[in-house]
Amino acid sequence: MGNKQTIFTPEQLDAYQDCTFFTRKEILRLFFRYRDLAPQLVPLDYTSKPNVALPYELIVSMPELKDNPFRQRIAEVFSESGDGNMTLDDFLDMFSVLSEMAPRDLKAYYAFKIYDFNNDDYICKSDLEKTVNKLTRNELTPEEVSLACDKVIYEADLDNDGKLSLEDFQHMIIRAPDFL
Amino acid sequence: IWIYHYFYAEEKLVGNLVSLSKHDRIKAFQKMPESMRRKREIRNKVLREITKKSKGRGIHCGCCTQCLRRAKVSLRRFRNGLAECFHRLNFWHKILKVIGGEFGTSVLSYFIFLKWLLNFNIFSFLINFGFITVPQFVAAEPNNLSFTGLELLTGAGYFQQTVLYYGFYTNATISKTKIDASYNMQLAYIFTVGMYFVICLLILFFSIAKSICRNFINLQVYSGNASKLLCTWDFNITNEKAVKLKQRNLSTQIKEDLAEENKEALNFSLTERIVRILIHLASWAASLGTAVAACAGVYFLSVNNLELFMKGHKKDLESQAAMLVLPVITSLLNAFIPFFYSWLGNMEKLQNPKSKIYVTIARNLILKISIIGILCYYWLTVVAASESQCWETLIGQDIYRFVLVDFIFCLLGSFFGEFLRRIIGTTVCVSLGVPEFDIGRSVLDLIYAQTLTWIGILFSPLLPGIQMVSFAIVFYVKKVSLMQNCQPPRKAWRAAQMTTFFMFLLFFPSLAGVLSVIAVTVWR
């Protein structure tokens, strides 16, 4: 397999291969998908490590994310700057974690960050309420939402501080085989 | 102080990573929950440490470490190339992703199961073809019978003298006069089939063990509203309609759960409870009675079938077509009795919707197991004791007919069950709506077909090849039917656990039953 591509240096490709779950071909394919979102912004030559970040609106227009109720949080969690604009690094990172080859505890870690809306490293009741609303498209009344959140915290909170920490969340995930 | 701790932790991390082997190090990098930029920094630090250490280790070992390093690099490149090759062999990957995106993981589990069974058949076909059929071609006898189109359906006539059936395979040891090697056909036959089943057994056993470990060991007792909320979102879905449907389901489920909490447990009076128990007993009696009646019918028909075959002239087209009656009737029974069972289930009004699914699946399973059991009994006792010159070929023909008719009925079922139902549901009787894809029944049909194939391997070595083609066709037909006609399932279907359950079903009644059949056959 010849190194005919000129987009990345071999060291860059090696680094990407080591840090994500993708093969060389898949990394190149993902690069082209990234570039297709905005061909005029993304250069074809990444050997000089250009600092290009695609805006949030373009990222969430991708068919994989378009209908996901959590697309805003996903973009925010994976982008370096926290505002949803993603560089190629963030893009590859996001797809690596969401791919089927990533282990469950890695996905659980990022799922926790996605559900943590206020970024305080805890899923408190307001985070849960926002999650429930996104999951059910505002079809439940506020009392029902509140009741459901109370039950969740009651069941999963192991250290009884009224909110879920990462350990509580991972403890729960281990026992749920349907988690994707 | 915080910055000091941060750097100290990073030094420890780098130190740990340097001490791992290259393979473990890459795995550790992939699993690190950090951003890409941080990972690259850590990786550069680790690589710098490693080159420092290797330089410090002295130059007198230069030659052999160089060779070793080059060997390792080329081995790694070779392994990557091989991995990419295998990835290309992963057929249908894109179709499966599309199905998962439109319909969710539960329907996807059916198609993954189908693909898994297909792999079994491909493996069996390759082994049988390579070890048994190819040597047979060398010692083949010419075929004098004529070929009419009906043979494709009945499997008799012309096909009787081909490699399709056991009876054709020579008993002797094939030997080429030029080379001194000889190929013992008998041993080859028994060993090939035996090895295949042993390998199947092992594969199934390990898959089930892995599956149970992953899905059942840590099962929590308090079946988790928390997990229902936070873990059931299926991130695979990409279709907008499916997403809306899933959201509506989730909200309905949450509403139901909350309502259940508030409602007090229904206390039935004594008479009501007795009535309910009586209804349960009656429906179980009805379902078991139906199964017994079906078995008796099948047995009677099959004995009739054998008489017809022995009496009638073998070349008579009509009598050959009449031999198709048994498989058709069996498939009809298999197709219509489950409707009766689901009607019974609806009538019973069980409290828990999940137990309704389990009860229906249990009843269907009992029906199918008893039908296969009766057929095996008929084949092994009645046919084997008959006076025809090769009873194994007769059984092979019978199984061929069964497999073929089952395949045809599967296609017909898809046509009627889904296509026509959709047309009826959208034009004539709009309240019925679009049909859902019935996962439980479809998987049981697959297991039934695979059991028939496994029973037939000893009598007709090329049967897995036929089943392979039929599974491939069924995959495409079901996929098209799914996309055009069905909607995503409404009730929650715990895909991971049900898949384990189905694999277990494949293992225990199916494979174990087939092995006992083989044992009895070989003993005879």
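Residues numbered from 1 in each chain as written. Chains lettered and ligands numbered in written order. Predicted model: local features only at pLDDT ≥ 70, side-chain atom pairs only at ≥ 80, totals over all residues. Heavy atoms only, no water.

Our next topic: the overall build of chain A. Assigned secondary structure in chain A consists of 9 helices and 2 strands. Ordered by position from the N terminus, the helices and strands of chain A form the series α-α-β-α-α-β-α-α-α-α-α. With respect to the principal axes defined by its C-alpha atoms, chain A has extents near 60 × 30 × 25 Å. Sequence-distant contacts in chain A: of pairs separated by 6 or more residues, those separated by 24 or more amount to 51%. Carbon together with sulfur atoms contributes 51% to the accessible area of chain A, which is approximately 8400 Å² in total. Side-chain charges of chain A comprise 20 positive and 33 negative groups, with the mean position of each set lying 7 Å from the other. (Helix = DSSP H or I, 4+ residues; strand = E, 2+ residues; numbered from the N terminus. Contact = heavy atoms within 4.5 Å. Areas by Shrake-Rupley, 256 points an atom, 1.4 Å probe, with all protein chains shown as cover. Lys, Arg positive; Asp, Glu negative; His and termini not counted. Charge placed at Lys NZ, Arg CZ, Asp CG, Glu CD.)

Turning next to the nonpolar core. Residue and element names in this part refer to chain B. Counting residues in hydrophobic clusters, the biggest one holds 79 residues, and the most contacted among them are Phe113, Phe197 and Trp454. Considering every element that reaches this core, the biggest residue donor is helix 16 (residues 439-457), with 11 residues. Apart from residues lying up to four places away in sequence, phenylalanine 113 is in contact with Val443, Leu446, Ile447, Phe502, Met503 and Leu506. (Core = buried A, V, L, I, M, F, W, Y, C linked by side-chain atoms within 4.5 Å. Buried < 20%, exposed > 50% of the residue type's maximum accessible area, 1.4 Å probe, protein only.)

All names here are of chain A. Given a rise of 1.5 Å per residue, 12 residues ought to cover 16 Å, and the 16 Å separating the end C-alpha atoms of helix 7 (residues 125-136) matches this to within 8%. All buried positions along helix 7 are accounted for by Asp127, Leu128, Thr131, Val132, Leu135 and Thr136. Each buried residue of helix 7 sits inside an arc of 150° when the element is viewed along its axis, so together they form one side. (Expected span 1.5 Å × (residues − 1). Arc of directions from axis to C-beta.)

Examined against the element boundaries, B:Arg43 turns out to sit in helix 3 (residues 36-56). For B:Arg43, a relative accessible area of 9% puts it in the buried group. Distance in space between the C-alpha atoms of B:Arg43 and B:Leu68 is 22 Å, their sequence separation being 25 residues. Each residue touching B:Arg43, except ones within four places of it in the same chain, is listed here: A:Asp14, A:Ala15, A:Asp18, A:Cys19 and B:Phe29.

Here we take up the packing of helix 4 (residues 71-78) of chain A against helix 6 (residues 104-115) of chain A. All names here are of chain A. As a packed pair, helix 4 and helix 6 sit with axes 9 Å apart at the nearest point and diverge in direction by 115°. The angle between the axes of helix 4 and helix 6 places the two elements in the roughly perpendicular class. You can see that helix 4 and helix 6 cross each other, and the crossing is right-handed. Every residue of helix 6 that contacts helix 4 at Arg73, Ile74, Val77 and Phe78 is listed here: Tyr110, Lys113 and Ile114. Each residue belonging to the contact of helix 4 with helix 6 can be placed in one class, and the counts come to 5 nonpolar, no polar and 2 charged. (Axes fitted to C-alpha atoms, helices over the stretch in contact; angles between N-to-C directions. Parallel < 35°, antiparallel > 145°, perpendicular 65-115°, else oblique. Left-handed = near helix turned anticlockwise from the far one by under 90°. Nonpolar A, V, L, I, M, F, W, Y, C, P; charged D, E, K, R; others polar.)

Turning our attention to the confidence of the model for chain B. Residues and elements named next belong to chain B. Per-residue pLDDT for chain B has a mean of 74; in total, 69% of the residues score no lower than 70. Summarising per-element confidence for chain B, the mean pLDDT is lowest in strand 1 (residues 173-175) (48) and highest in helix 17 (residues 463-485) (87). Under a pLDDT of 50 for its full length, residues 171-180 has, in the predicted model, 18 contacts with residues more than four places off or in other chains. Prediction confidence for the complex, expressed as pTM and ipTM, is 0.77 and 0.73 respectively. (pLDDT = per-residue confidence, 0-100.)

Topologically, B:Ser331 is positioned in helix 13 (residues 325-348). When its relative accessible area of 5% is taken as the criterion, B:Ser331 is described as buried.

All right, on to the packing of aromatic side chains then. In the structure shown here, the tally under the stated rule is 24 aromatic pairs over all chains. Ring plane angle 20° and centroid distance 4.8 Å describe the contact between A:Phe78 and A:Tyr110, whose orientation is recorded as stacked. One end of the pair, A:Phe78, is in helix 4; the other, A:Tyr110, is in helix 6, with 32 residues separating them in the sequence. The exposure class assigned to A:Phe78 is buried, which follows from its relative accessible area of 4%. Seen from their ring centres, A:Tyr109 and A:Tyr110 are 5.4 Å apart, and the 90° between their planes marks the pair as edge-to-face. The exposure class assigned to A:Tyr110 is buried, which follows from its relative accessible area of 5%. By the ring-pair criterion, three or more aromatic residues cluster together here, those being B:Trp92, B:Tyr110, B:Phe111, B:Phe475 and B:Tyr476. Positioned above the aromatic ring of B:Trp284, the side-chain terminus of B:Arg363 is 4.5 Å from the ring centre. The ring of B:Tyr448 has B:Lys368 sitting right over it, with the charged end atom 5.9 Å from the ring centre. (Phe/Tyr/Trp six-rings, centres within 6.5 Å; stacked < 30°, edge-to-face > 60°. Lys NZ or Arg CZ within 6 Å of the ring centre and 35° of its normal.)

For the rest of this paragraph, the subject is the domain arrangement of chain A. Residues and elements named next belong to chain A. When cut into domains, chain A gives domain 1 (10-98) and domain 2 (104-175). For domain 1 and domain 2, the distance between their C-alpha centres works out to 27 Å. Taken together, the 11 residues of domain 1 in the interface contact 12 residues of domain 2. Summed over both sides, the interface of domain 1 with domain 2 buries roughly 1100 Å², with 72% coming from carbon and sulfur. It is Phe70, Arg73 and Val97 that lose the most area in domain 1 upon contact with domain 2, and together they represent 58% of the buried surface on that side. (Domains from an automatic or database assignment. Buried area = accessible area lost by both parts, 1.4 Å probe.)

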